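Listed here are the chains, written in short residue letters.
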Amino acid sequence: MRINLPLHVQQIIHTLEEYGYEAYAVGGCVRDSLLGRRPQDWDITTSAKPEQVKALFMHTIDTGIEHGTVTIMMERTAYEVTTYRIDGEYEDARHPKEVTFTADLYEDLRRRDFTINAMAYNETHGLVDAFDGIKDLHEGCIRCVGDPRERFTEDALRMLRAVRFAAQLGFTVEESTRQAIRALAGTIEKVSAERIQMELGKLLVSAHPQEIRMAYELGLTNVFLPEFDVMMQSEQRSRHHMYTVGEHTIHALMNIRADKVLRLSMLLHDVAKPACETIDADGNAHYKGHPQVGAKMAEEILHRLKYDNATIDQVCRMIRYHDDRPQLSERTVRRAMNRIGTENLPLLFEIKRADILAQSLYEREEKLAYVDTYEALYKQILSQGDCVTKKDLAVNGKDLIAMGMKPGPQIGAVIDELLEIVMDDPTQNTKENLLVLAHKIRTPFI
Ligand code: ATP
Ligand code: MG
């Protein structure tokens, strides 16, 4: 079994070996190389202590010295080199209370979560696979190293990691590992939101985001995203739909490009449907106001999961407008561009299409044709260079002051009115014309 180690990794390993230490590429990079996937990053495990590693390389950063990790910079690429270690007892299913360094590679591999993540490789010794990781890799199986209950009790995040790896690799979770998750799912409550966000994020942008269903079935989402469980349990009595809110959401996730904002938007676009449901006299469900309420709920959820403000803003905007359906004319689409933000519309079109394709076949062609026309109008307006925001207007506040207006809030009101005029009729957007109009707006009775 041969792996092509990148030059930098070979250099780091050779240097450590020259000085009498052992060193191996380990974990995700070995797993991904064996699968023919491009590793995200290359981690190295070594018998050398952090101080000994630091002494051998020019540019190092103390990333997590107390846990044995030193980052080595090689031509701007970072490599994490971690000393063989045994994780002590875990506190609150979160952090190891202490780590002990060891001279034994086997001990280091044994602390790792899954067999496919517990393999090491170097050119001197080839592949070290003490827990049959290769077999599980061939079988497409996520299996804990050792007793799953013990391993999940040490660190509850591993339960979500199991689902995340299944989603990334298209693997199944081995039965006793799965049973242990079912039994211990509630304990993920103790894990920090930051760590959960990281794994949930990777699950969502993976090749198989539908595996969020497994996180639901095993009881994990119930702890950190109970809103998803409510969606999974909400039927939709509407001819537009054929799935529960949750299954519709899962299909929409599968229909959209693997991008953080898009996948999060799809995950939460209908989060408020259960709360907004009303049933009419004929027994049909309606969900009036769910995009607005959903945007608010999503804000809370994403805040709780410690997402950054830029992501929260963008996702909430997508949710607020996912069902926005302006009448299709140049004037109304210019207004939509103003309302939603020109740069956000391409994402919104993707969301609308993914949403429609996860609904029933009822009027599907018409719904898709609507989005096509919407997008065509949007592109036409862009190519015309029509004004859709204040900053595209041929006059600004300074021009109005120069014309003799007093600085103050009324300038803003005049600008707003000019923008309305120009969005109706782009030919009005000349400085000369707008100054005349501004004058009229300011003195309406003359
Ligand atoms: P990715 O492609 O996301 O980087 P990865 O397998 O490299 O996947 P990381 O989270 O970067 O995952 O962790 C690197 C390695 O460290 C893992 O392959 C595994 O061996 C070990 N590891 C990481 N987190 C844990 C954990 N919570 N418990 C046990 N071992 C872990
Ligand atoms: Mg990694």
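Please read these numbers as outputs of a predicted model, since none were measured by experiment.

Chemist: I tried to follow helix 8 (residues 175-184) on my own but got confused; where do I start?
Modeler: Since the α-helix advances by 3.6 residues per turn, residues separated by three or four positions end up pointing in the same direction. Those residues of helix 8 that sit buried are Thr177, Arg178, Ala180, Ile181 and Leu184. Taken down its axis, helix 8 places every buried residue within 160° of arc, on the same side. Those residues of helix 8 hidden inside the fold are in contact with strand 12 (141-142), helix 6 (148-154), helix 7 (157-169), strand 13 (172-173) and helix 10 (212-217). With a side-chain oxygen positioned 2.9 Å from the backbone nitrogen of Ser176, the residue opening helix 8 is Glu174.

Chemist: Would you mind showing me how to read the pattern of salt bridges here?
Modeler: Side-chain pairs of opposite charge can arise where the charged atoms are in close proximity. Scanning the entire structure with this criterion turns up 35 salt bridges. The salt bridge partner of Asp62 is Lys54, with a shortest N-O separation of 3.0 Å. By relative accessible area, Asp62 is classed as partly exposed at 42%. Exposure remark for Lys54: the relative accessible area of 24% places this residue in the partly exposed category. Here Lys431 ties to Asp399 by a salt bridge, and the two come within 3.2 Å at their closest N and O atoms. Taken together, the positions of Lys431 in helix 23 (residues 431-442) and Asp399 in helix 21 (residues 397-402) put the pair 32 residues apart, joining distant regions of the chain. You can call Lys431 partly exposed: its relative accessible area is 42%. Take Asp399: its relative accessible area is 17%, and that puts it in the buried class.

Chemist: For this particular structure, what's the right way to read the sheet that holds strand 2 (residues 43-46)?
Modeler: As a general point, the strands of a sheet are linked pairwise by backbone hydrogen bonds and lie either parallel or antiparallel. The mixed open sheet is built from seven strands, whose spatial order is 3-4-5-2-1-10-11. Each end of this open sheet is capped by a strand with a single partner; those strands are strand 3 (60-64) and strand 11 (126-128). Taking the axes of each pair of neighbouring strands and ignoring which way they run, one obtains an average angle of 35° across the sheet. Both strand 10 (residues 120-122) and strand 11 contribute to a ladder of three bridges, which runs antiparallel. Bridged to Asn122 within strand 11 is Gly126. Sheet contacts for helix 1 (residues 7-18): strand 1 (23-26), strand 2, strand 4 (69-74), strand 5 (77-83) and strand 10; angle to strand 5, the most-contacted strand, approximately 35°.

Chemist: Help me understand the side chain of His322, please; the structure alone is not making it clear to me.
Modeler: Among the secondary structure elements, His322 is positioned in the loop between helix 17 (309-321) and helix 18 (330-340). We classify His322 as buried; its relative accessible area is 2%. A polar atom in the side chain of His322 sits 2.7 Å from the backbone oxygen of Ile319. When sequence neighbours within four positions are dropped, the list of residues in contact with His322 reads His269, Asp270, His290, Pro291, Leu348, Ile351, Lys352 and Asp355.

Chemist: I tried to follow the pairing of strand 3 on my own but got confused; where do I start?
Modeler: The side chains of a regular strand alternate, first on one face of the sheet and then on the other. The sheet contact formed by strand 3 and strand 4 spans three bridges and is antiparallel. The residue of strand 4 that forms the bridge with Ile61 is Thr71.

Chemist: Before we go on, may I ask you to explain the site of ligand 1 in this structure?
Modeler: Ligand 1 sits among 16 residues. The nearest are Arg31, Asp155, Arg158, Arg164 and Lys202. In this structure, a nitrogen atom belonging to ligand 1 sits 2.8 Å away from a side-chain N or O atom of Asp155. At 2.9 Å from an oxygen atom of ligand 1 is found a side-chain nitrogen or oxygen belonging to Arg161. Protein chains bury 83% of the 580 Å² of accessible surface belonging to ligand 1 in isolation. Listing elements by their share of the shell around ligand 1, those giving two or more residues are helix 2 (28-34), helix 7 and helix 9 (193-204). A breakdown of the residues in the shell around ligand 1 according to their chemical character gives one nonpolar, four polar and 11 charged.

Criteria and cut-off values
Residues numbered from 1 in each chain as written. Chains lettered and ligands numbered in written order. Predicted model: local features only at pLDDT ≥ 70, side-chain atom pairs only at ≥ 80, totals over all residues. Heavy atoms only, no water. Buried < 20%, exposed > 50% of the residue type's maximum accessible area, 1.4 Å probe, protein only. Helix = DSSP H or I, 4+ residues; strand = E, 2+ residues; numbered from the N terminus. Arc of directions from axis to C-beta. Contact = heavy atoms within 4.5 Å. Polar contact = N/O pair within 3.5 Å; in protein donor to acceptor, adjacent residues only side chain to side chain. Salt bridge = Lys/Arg side-chain N within 4 Å of Asp/Glu carboxyl O. Pairing = 2+ DSSP bridges. Axes fitted to C-alpha atoms, helices over the stretch in contact; angles between N-to-C directions. Near = heavy atom within 4 Å. Areas by Shrake-Rupley, 256 points an atom, 1.4 Å probe, with all protein chains shown as cover. Nonpolar A, V, L, I, M, F, W, Y, C, P; charged D, E, K, R; others polar.

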